[in-house]
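One-letter residues, chain by chain:
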Amino acid sequence: MSTQQIPVVVLAGFLGSGKTTLLNHLLRSARGTRIGVMVNDFGSIGIDAMSVAGQVGSTVSLGNGCLCCAVDASELDEYLEKLTRPAASLDVIVIEASGLAEPQELVRMVLASENERIVYGGLVQVVDAAEFHATRERHPETDRHLKIADLVVLNKTDRVAQEELTAVHDIVAGLTDRAVVLRAAHGRVDPEVLFDRVVPDGEIEGQLSFDDLRAEEDEHHAHPHAAYETVSLDADVPLHPRRLMDFLDARPEGLYRIKGFVDFGAADPDNRYTVHAVGRFLRFYPAPWPAGEERRTQLVLIGSAVDGRALREQLAACRVGGPQDAPDEHSMWGVLRYVPQTEQEPQ
Ligand SMILES: Nc1nc2c(ncn2[C@@H]2O[C@H](COP(=O)(O)OP(=O)(O)OP(=O)(O)O)[C@@H](O)[C@H]2O)c(=O)[nH]1
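Residues numbered from 1 in each chain as written. Predicted model: local features only at pLDDT ≥ 70, side-chain atom pairs only at ≥ 80, totals over all residues. Heavy atoms only, no water.

The protein goes by Cobalamin biosynthesis protein CobW in an unreviewed UniProt entry, where it is assigned to Streptomyces purpureus. Regarding the protein, the UniProt comment filed under Catalytic activity (unreviewed entry) reads as follows: "GTP + H2O = GDP + phosphate + H(+)". (UniProt positions renumbered as here; feature names shortened; annotations may be inferred.)

Below, the structure is given as structure tokens:
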């Protein structure tokens, strides 16, 4: 029986650390392994679900809210039931936690699942090597998350000098209990590290058990997202590139994460711009609009100590007001400064 159980891997990591990037890499390089994905979007728009769409046979998007708060173990079981139907014949299920989830809660829910076809497959924690110190300073719970990880992927190594990388690696390794620390750029880890695990009956030796977790139970208010504000924009009129750049250049420090897709209308009718900001780091990735895709802008902004209402208004003011307001291609200059030229395309 145990060999037929499907391992459920929890993929966690702070906002923007590279979880979706890693997941897409796994999906692309799975070499015949059938992966089911459960995506938990924090914003009300399914940006992450869209980012992994098309690369996976079975996806369940958990919609708005943090999985560990919004879904209880029985609901999780409902989703797992869908993914574990024999017809789906999955080899592994990956739950991508929102960047603000408490990984411990998710692990607890997986362990509490009554679905006999699954077995807990471990906690993978993705760390942004470039933002590590800043994240840790603002979010001391980072240390606790690393302690319970089974595997740590020290990501974005391309953004950190060798010496600094060694220093960060040492700190991360020191914070984990028994985790392997793997370095990666653009989430490129060997999928075998995650999936080809021997799963004995019951739990894997060395992994946290349900009781371990219960013993370590945290107060809910310790959740990092308690202090966070999410702002979404879903617009069917294009955004004006100059006004969007003015908004982005002046964005408040606490606005930690921006992700989504932008339609710049007449300024570049052919391309959809995927936008990612993590802290002060901002990038646009233009790519031709997928055939048949409706032209709209969908953005999710996540920040702490930010004025959500003001952000909403400022974003809304970036919309093109009418034909007299239509941008031309020259107005794209500010955006194009943030399109990577030499970096490898981080899909
Ligand atoms: N330079 C560099 N950029 C990376 C790397 N990995 C991911 N990124 C970029 O970092 C940004 C965030 O990556 P995601 O994979 O969306 O991060 P995430 O953890 O899923 O983000 P949330 O869903 O907000 O928690 C994107 O712009 C990625 O292209 C990396 O190794 N190097």
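So, about unusual backbone geometry. One can expect most non-glycine residues to show negative phi and most peptide bonds to be in trans. Phi is positive for Lys156, which is not a glycine, with a value near 65 degrees. Relative to the assigned elements, Lys156 resides in the loop between strand E6 (151–155) and helix H8 (162–175). The class for Lys156 is buried, based on a relative accessible area of 13%. (Helix = DSSP H or I, 4+ residues; strand = E, 2+ residues; numbered from the N terminus. Buried < 20%, exposed > 50% of the residue type's maximum accessible area, 1.4 Å probe, protein only.)

By size, the foremost hydrophobic cluster in this structure holds 27 residues, and its most contacted members are Leu244, Val262, Phe264 and Phe284. Within the residue set of this core, elements represented by two or more residues are strand E8 (228–235), helix H11 (241–249), strand E9 (255–263), strand E10 (271–278), strand E11 (281–288), strand E12 (297–304) and helix H12 (308–316). Per element, the largest residue contribution to this core is four residues, and it comes from H11. Excluding residues that lie within four positions of it along the chain, Phe264 makes contacts with Pro238, Leu239, His240, Pro241, Leu244, Tyr273, Phe284, Pro327, Met332 and Val335. With 24 residues, the next largest nonpolar core counts Leu80, Val107, Val110 and Tyr120 among its residues. (Core = buried A, V, L, I, M, F, W, Y, C linked by side-chain atoms within 4.5 Å. Contact = heavy atoms within 4.5 Å.)

Attention now moves to the site of the ligand. In the vicinity of the ligand there are 22 residues, among which Thr21, Asp158, His186, Arg257 and Lys259 approach most closely. In this structure, Ser17 approaches the ligand through a main-chain N or O atom, which is 3.2 Å from an oxygen atom. Thr21 is positioned with one of its side-chain polar atoms (N or O) 2.5 Å from an oxygen atom of the ligand. A total of 650 Å² of accessible area belongs to the ligand in isolation, and the protein chains cover 98% of it. Of all elements in the fold, only helix H1 (19–28) and E9 reach the threshold of two or more residues within the shell around the ligand. Of the residues that constitute the shell around the ligand, the class distribution is five nonpolar, nine polar and eight charged. When residues of the shell around the ligand are assigned to domains, at least three fall in each of domain 1 (2–197) and domain 2 (225–336). (Near = heavy atom within 4 Å. Polar contact = N/O pair within 3.5 Å; in protein donor to acceptor, adjacent residues only side chain to side chain. Areas by Shrake-Rupley, 256 points an atom, 1.4 Å probe, with all protein chains shown as cover. Nonpolar A, V, L, I, M, F, W, Y, C, P; charged D, E, K, R; others polar. Domains from an automatic or database assignment.)

What follows deals with the pairing of E10. Of all eight residues making up E10, six are buried, and the element is well covered by its neighbours. In this structure, E9 lies alongside E10, joined through seven bridges in antiparallel fashion. Along E10, the bridge assignment pairs Phe261 with Thr274. Both E10 and E11 contribute to a ladder of eight bridges, which runs antiparallel. From the neighbouring strand, Val278 faces E11, where its bridge partner is Phe281. (Pairing = 2+ DSSP bridges.)

This paragraph deals with the pattern of salt bridges. Going through the model one piece at a time under the given rule, you end up with eleven salt bridges. Here Arg117 makes a salt bridge to Glu81, at a shortest N to O gap of 3.4 Å. Separated by 36 residues along the polypeptide, Arg117 in the loop between helix H5 (103–112) and strand E5 (118–128) and Glu81 in helix H4 (residues 73–83) bring together distant segments of the chain. Overall, the relative accessible area of 30% leaves Arg117 in the partly exposed class. Relative accessible area serves as the criterion here: at 33%, Glu81 is assigned to the partly exposed category. Between Asp325 and Arg243 there is a salt bridge, and its shortest N-O distance comes to 2.7 Å. You can see Asp325 sitting in the loop between H12 and helix H13 (333–336) and its partner Arg243 sitting in helix H11, a full 82 residues away along the chain. Through salt bridges with shared partners, a single network forms among Glu81, Arg85 and Arg117. (Salt bridge = Lys/Arg side-chain N within 4 Å of Asp/Glu carboxyl O.)

Tracing the backbone shows Glu78 in helix H4. With a relative accessible area of 54%, Glu78 lands in the exposed category. The sequence separation of Glu78 and Ser113 amounts to 35 residues, and the corresponding C-alpha distance is 9.8 Å.

Further remarks concern the packing of aromatic side chains. Applying the stated criterion to the full structure yields three aromatic pairs. Aromatic side chains Tyr273 and Phe284 sit 6.3 Å apart centroid to centroid with 75 degrees between the ring planes, which places their arrangement in the edge-to-face category. Placement of the pair is Tyr273 in strand E10 and Phe284 in strand E11, with a sequence separation of eleven residues. Overall, Tyr273 belongs to the buried group, its relative accessible area being 3%. For Phe284, a relative accessible area of 0% corresponds to the buried category. Here the aromatic cluster, defined as three or more aromatic residues joined through ring pairs, consists of Phe264, Tyr273 and Phe284. (Phe/Tyr/Trp six-rings, centres within 6.5 Å; stacked < 30°, edge-to-face > 60°.)

Moving on, we come to H5. Counting buried residues along H5, nine of its ten residues qualify, which places the element largely inside the surrounding structure. Three or more residues of H5 are buried, namely Pro103, Gln104, Glu105, Leu106, Val107, Arg108, Met109, Val110 and Leu111.

The next subject is H1. Because an α-helix packs 3.6 residues into every turn, residues spaced three or four apart end up facing the same way. Of all ten residues making up H1, eight are buried, and the element is well covered by its neighbours. Those residues of H1 that sit buried are Lys19, Thr20, Leu22, Leu23, Asn24, His25, Leu26 and Leu27.

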